[in-house]
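# Architecture and fold: a report
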Amino acid sequence: MPGPESTSPIRLDESPSDIVVHCEEHPWWTAMRFHRDEAFDAACGHEEREHPGDYRQRDARRSRAVRGVANATPPLSSEPGSRV
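In this report, the structure presented in the accompanying data block is examined. Because the structure is a prediction, the values reported are computed rather than measured.

Okay, the pattern of salt bridges next. Counted according to the given criterion, the structure contains 6 salt bridges. Of the charged contacts in the structure, one is a salt bridge between Arg-36 and Glu-14, with a shortest N-O distance of 2.6 Å. Taken together, the positions of Arg-36 in helix α1 (residues 36-50) and Glu-14 in strand β1 (residues 10-14) put the pair 22 residues apart, joining distant regions of the chain. Since its relative accessible area comes to 32%, Arg-36 is described here as partly exposed. Look at Glu-14 and you get partly exposed, because its relative accessible area is 46%. Asp-54 is the salt-bridge partner of Arg-56, the closest N and O atoms lying 2.6 Å from each other. In this structure Arg-56 comes out as buried when scored by relative accessible area, which is 18%. By relative accessible area, which is 7% here, Asp-54 ends up buried.

Next comes the structure, spelled out in structure tokens:
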């Protein structure tokens with residue numbers, strides 16, 4: 001298992017309209033979501049299935065929820081006048 005000082009192979013690439021989740025160790029796997037909480041859910045699911053013993057994405061999601069960031073910003077598609 002990688003130490004806490006190493007970085008997770010799972011990345012969230014954010015743009016103004018969506019978030020693409022990809023894994024550097026599994027280049028064939030990607031997920032696309034519109035909200036950061038949903039992207040973390042996809043990243044955590046992949047981590048649980050493909051990287052057992054690695055908890056970095058789950059720890060990041062938990063930390064985000066504890067800080068009160070989760071669900072603080074609505075998805076872009078719910079903004080008035082959104083074309084998404």
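Here the focus is the pairing of β1. When β1 meets strand β2 (residues 19-23), the two strands line up antiparallel, connected through 5 bridges. Within β2, the residue paired with Leu-12 across the bridge is Val-21.

On to helix α2 (residues 56-66), then. Every buried residue of α2 is accounted for by Arg-56, Gln-57, Arg-58 and Arg-64. Tucked into the core, α2 has its buried residues touching β1 and α1.

Cut-offs applied
- Residues numbered from 1 in each chain as written.
- Predicted model: local features only at pLDDT ≥ 70, side-chain atom pairs only at ≥ 80, totals over all residues.
- Heavy atoms only, no water.
- Salt bridge = Lys/Arg side-chain N within 4 Å of Asp/Glu carboxyl O.
- Helix = DSSP H or I, 4+ residues; strand = E, 2+ residues; numbered from the N terminus.
- Buried < 20%, exposed > 50% of the residue type's maximum accessible area, 1.4 Å probe, protein only.
- Pairing = 2+ DSSP bridges.
- Contact = heavy atoms within 4.5 Å.

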